[in-house]
Amino acid sequence: MNFRHKYMFLLPGLLVLLGILIFPIGFTVRLSLSSWDSFYPGLDFIGIENYIRLFTDDLRFWEAFGRLSMLSLTTVFLQYVIGFSLALMVWKDIVFQRFFRVLFLIPMMTTPVIMTVIWRTFFHESLGPVNDFFNLFGMNPLWLSSEILAKFTVILVEVWQWTPFMFLLLLAGLLSLPKEPYLAASIDGAGPIRTFVYVTFPLMAPISIGAIIIRLIEASKIMDTVYVLTSGGPGTSTETSSFYIFIKGLREFQFGYSAALSLTYLIIMIISFTIIAKILVKLMVRGN
Amino acid sequence: MKNSIRVGVLVGSTALLGSLAHADQWSDQFPHIKNTGDIAGECSYDAMSKKDYSGQKLTINTHAVPVMGEPTALHAEQFSALTGAEVNVIHTPAGDLYSKAMVPFQAGQAPYDIVFGFSNFIRDWKQYLQPVPAKYVNMAQMQDVTQSHIDVNSWDGEMIQFPIDGDRHYLKYRRDVIDNPEYQAKYKAETGNELRIPQTWKEYAEMAAFFNGWDWDNDGELEYGSAEVMKKDDLMFAAFFSRSVAYSKNPRVKGGFFFDLETMEPLINGPGFVEALTDWVEATKYVPPGGINFGLGDEINSFGGGQTLFSFSWDDAFVKAMEDDSPIKNKVGAAPLPGATRVWNRDSGAWEQEFNQAPYIVWGWTAAVAKKSKNHDMAFDYLCFFANDANHQADIGIGRFGVNPFKKSDFVPEIYVERQGWDPEIAKQYADTLMEMEEGSTNRVFPLRVPGVFQFNSAVATGTSKALAGQLSPQEALDEVAAEWTKIVKRIGADTIREAYAIGVALEDAE
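Residues numbered from 1 in each chain as written. Chains lettered and ligands numbered in written order. Predicted model: local features only at pLDDT ≥ 70, side-chain atom pairs only at ≥ 80, totals over all residues. Heavy atoms only, no water.

(A) Quick peek at the overall build of chain B. Scanning chain B from N- to C-terminus turns up 23 helices and twelve strands. Against the globule reference of 24 Å for 511 residues, chain B gives a C-alpha radius of gyration of 22 Å, in line with a compact fold. Expressed along its principal axes, the backbone C-alpha trace of chain B runs to roughly 65 × 55 × 40 Å. Among the 511 residues that make up chain B, the fraction classed as buried is 64%. For chain B, the computed accessible surface area is about 17400 Å², with 50% contributed by carbon and sulfur atoms. (Helix = DSSP H or I, 4+ residues; strand = E, 2+ residues; numbered from the N terminus. Rg over C-alpha atoms; globule rule 2.2 N^0.38 Å. Buried < 20%, exposed > 50% of the residue type's maximum accessible area, 1.4 Å probe, protein only. Areas by Shrake-Rupley, 256 points an atom, 1.4 Å probe, with all protein chains shown as cover.)

(B) Structural context of the sheet that holds strand β1 (residues 57-63) of chain B. All names here are of chain B. Strand order in the open sheet formed by four strands is β2-β1-β3-β12, and the pairing between neighbours is mixed. Both edges of this open sheet fall to β2 (86-92) and β12 (365-369), since each of them pairs with a single strand only. Each adjacent strand pair in this sheet contributes to an overall mean axis angle of 20°, direction not counted. Pairing analysis gives seven bridges linking β1 to β2, with the strands arranged parallel. Across the sheet, Lys-57 pairs through a bridge with Glu-86, a residue of β2. (Pairing = 2+ DSSP bridges. Axes fitted to C-alpha atoms, helices over the stretch in contact; angles between N-to-C directions.)

(C) Fine view of helix α22 (residues 474-492) of chain B. Residue and element names in this part refer to chain B. Its 19 residues give α22 an end-to-end C-alpha distance of 27 Å, which sits within 8% of 27 Å, the value for a rise of 1.5 Å per residue. Of the residues making up α22, those classed as buried are Pro-474, Ala-477, Leu-478, Val-481, Ala-482, Trp-485, Ile-488, Val-489 and Ile-492. Taken end-on, α22 shows its buried residues confined to a sector of 135°, consistent with a single buried face. One or two steps after α22, the chain reaches Gly-493, where phi turns positive at roughly 115°. (Expected span 1.5 Å × (residues − 1). Arc of directions from axis to C-beta.)

(D) The nonpolar core, seen in detail. Ranked by size, the top nonpolar core spans 171 residues in total, and within it Phe162(B) and Trp485(B) carry the most contacts. Excluding residues that lie within four positions of it along the chain, Trp485(B) makes contacts with Phe241(B), Phe258(B), Phe259(B), Pro266(B), Ile268(B), Leu448(B), Phe456(B), Ala459(B) and Val460(B). In this structure, Ala87(A), Val159(A), Ala211(A) and Ile245(A) belong to the second largest nonpolar core, which totals 57 residues. (Core = buried A, V, L, I, M, F, W, Y, C linked by side-chain atoms within 4.5 Å. Contact = heavy atoms within 4.5 Å.)

(E) Layout of the pattern of salt bridges. The tally for this structure, following the rule as stated, stands at 30 salt bridges over all chains. Across the pair Lys248(A) and Glu252(A) runs a salt bridge whose closest N-O atoms are separated by 3.0 Å. Relative accessible area serves as the criterion here: at 3%, Lys248(A) is assigned to the buried category. For Arg400(B), the salt bridge identified is with Glu70(B), shortest N-O distance 2.9 Å. Of this pair, Arg400(B) sits in the loop between α18 (389-395) and α19 (413-420) while Glu70(B) sits in helix α4 (residues 69-83), placing them 330 residues apart in sequence. Among the charged side chains, a salt-bridge network with shared partners connects Lys202(B), Glu275(B), Asp279(B) and Arg342(B). (Salt bridge = Lys/Arg side-chain N within 4 Å of Asp/Glu carboxyl O.)

(F) Quick look at the interface of chain B and chain A. The interface is formed by 37 residues belonging to chain B together with 39 residues belonging to chain A. Both faces combined, the contact of chain B with chain A buries some 3000 Å², and carbon together with sulfur accounts for 47% of it. Across the contact surface, chain B and chain A share three salt bridges. Here Glu239(A) and Lys232(B) are joined by a salt bridge, their closest N and O atoms 2.6 Å apart. The tally of links from chain B across to chain A stands at 17 residue pairs in polar contact (both at pLDDT 80 or more). When residues of the side of chain B that touches chain A are traced back to their parent elements, those giving at least two are α5 (97-107), α6 (122-125), α21 (453-468) and α22 of chain B. Broken down by element, the residue count for the side of chain B that touches chain A peaks at six residues, all from α21(B). Residue composition of the side of chain B that touches chain A, by class: 13 nonpolar, 13 polar and eleven charged. (Buried area = accessible area lost by both parts, 1.4 Å probe. Polar contact = N/O pair within 3.5 Å; in protein donor to acceptor, adjacent residues only side chain to side chain. Nonpolar A, V, L, I, M, F, W, Y, C, P; charged D, E, K, R; others polar.)

(G) Structural view of the state of the cysteines. All names here are of chain B. Scanning all chains against the criterion turns up one disulfide over all chains. Paired through a disulfide, Cys-43 and Cys-384 show a sulfur-sulfur distance of 1.8 Å. Residues Cys-43 and Cys-384 are joined through a disulfide that is right-handed, its torsion about the S-S bond being 90°. Of the two residues, Cys-43 sits in the loop between α2 (25-29) and α3 (45-49) while Cys-384 sits in helix α17 (residues 376-386), which places them 341 residues apart along the sequence. Like Cys-384, Cys-43 is buried. (Disulfide = S-S within 2.5 Å.)

(H) Region of interest: the sheet that holds strand β9 (residues 332-335) of chain B. Residues and elements named next belong to chain B. Taking strand neighbours across the sheet as the criterion, the four strands line up as β7-β8-β6-β9 in an open arrangement whose pairing is mixed. Of all strands in the sheet, those bounded by a partner on one side alone are β7 (224-227) and β9. With strand direction ignored, the average angle separating the axes of adjacent strands in the sheet is 20°. Together, β6 (170-174), β7 and β8 (308-313) form the strand contacts of helix α12 (residues 201-210), whose direction differs from that of β8 by roughly 145°. With respect to the sheet, helix α20 (residues 424-440) is in contact with β6 and β9, its orientation differing from that of β9 by roughly 20°.

Now the structure itself:
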């Protein structure tokens, strides 16, 4: 086959790739070098002015980034622990195994925005049922209005919504584990805890790392939960990077600047996830 | 202006009262107008039924249900039934109305024939909108609109947006508490002060704190002092400005409330605004639990549902409280926004120790036709039908609709008594309060209508919400807002913003 024919076959795929990936990124780069906003629509050229503004004059973005890191690491850690526990629970033969497997997946199958509206109603401080219960004990927690509790509520909703995803991946991993190591552990007289620590957990390390990274990528884009639940408040206590970029881009209509924010955020994320993946591999696989 | 409004009111009220309870074929078909029947006019039900828009499609971007979204959809359905047009209504959250229209505007597309939004979008949107044709501007229905709201919807004398709503912030209170002799005596005994309609924000705070957290209407549930829009980004900037006008709008100082028109220096961190924000932070102690997270809908339901003593914002909470199924119907009152015992003078750099009060005309909802729409005639007919007299009279009686008085004939107490069963005294107080704001005061404040208005309002929301959450002191929060405003002015250009701001200042400074 002529060498050029190979390119002919690759061309359709390349064109699609260019259209859906390269062009938007290229356009975003160009946009980030412009001052496009509500009053000056258009791709003028202002050099790296938006980036200078970001690194020298926008503390709010970096505060939001710190908050995002805390929220995403906490939620993913909790999702991993709870998801793994649930997966272990329905891995072995138990009564109503199929029922529980489906039950644990339900939160993931619901629409996040709708569920967050329902959670917001639950946690409404003066009208919601959660505080009706707490009122019985003379308490009235401010789930959405206190800086600390608002963060807790966001974490709770995120964990509830996305633990099933972790559960699904980890259960699939557990079901694919070989039986031989367990037979050997049984012959050696290992109990359930030692079997988990020395057999199950190490064998699950590769899929655990994959699941954690996938969830971290998703959690770092947290937007709808914050938007519906708290609008980033009270103050800026639940404002995350993606919500801040949304405000700058689609609320204040600073397209050029929000493009610079998005690109910077993308680069930070790529570097962060590469480092996190390496650390996890070192801890969970090589450490084994 | 005063005389013209009075003559208009007389003519309008005669026409409207004459149409009372005139059921007709249209009210049989459209129960929404059962109280008035169709009212003759250029865009009445009868006039619209003679139009034929069969096979044509109208796309409208409006607010979420119910506020403004529900009447848009209802009138779309009626318009469709009358004219044969296919009307597609898209609902959008308040915070996204601006961008949802602006993105296609800037991209040169026309996905919507009609866009709903806030009238202070006008400076950013105007180049993408089709001016209202003369035949609509000159029709009788439009002659009934107050001059304030003609101005609101116009830019440099040209009507760009179609008047569908009238808005201003005013005080709402529980008459059954404030006028209750038993509570008056108790309040006097415990505070040494008179229980009356609060004249100042300090009185408001003292009364709200006194009536916070106990069951003062004996319904078995706790009541609270005040319901306010405090949720970040949910129109909270307007609530803050309502609290600021008394301290900062000095009738003896001309040339800008938000900026010094000459220098374009922000005034937002001046002592008057700081005093207002300090009051507002204090208010977090007498709002219902979670009140710091109340959006407009929460405020309407809270006061309208009988949960609080006071509220201040648009008409909706008041109208909801006065609906037939409300437990507090005819137990509420309307009054001008509280004032202050001192007002800041930025010229002298000192407080003036005298009573000051200023209405805040929050221009509110409006709608306009996209310049690139291919259905201009049908779109303007829809808007004209939306605001026709029969629809308007029905809409203003439904609190959740968010449609409020903006026609001279709306300021007639009798229509509220006859059609909506209001107590005559309350109806008069309501009409007088609104009328006074329309024509009485010469110390009014109008919202910003400048390029990049969303950037300015967003900065205010962020700064004030930090103060309410206790992240910053009021002075620190407003210093941060002022610094942000200065940067926005620099980015967009001081001259560009001054040119637009001068139009609003001219209205404020007019005697």
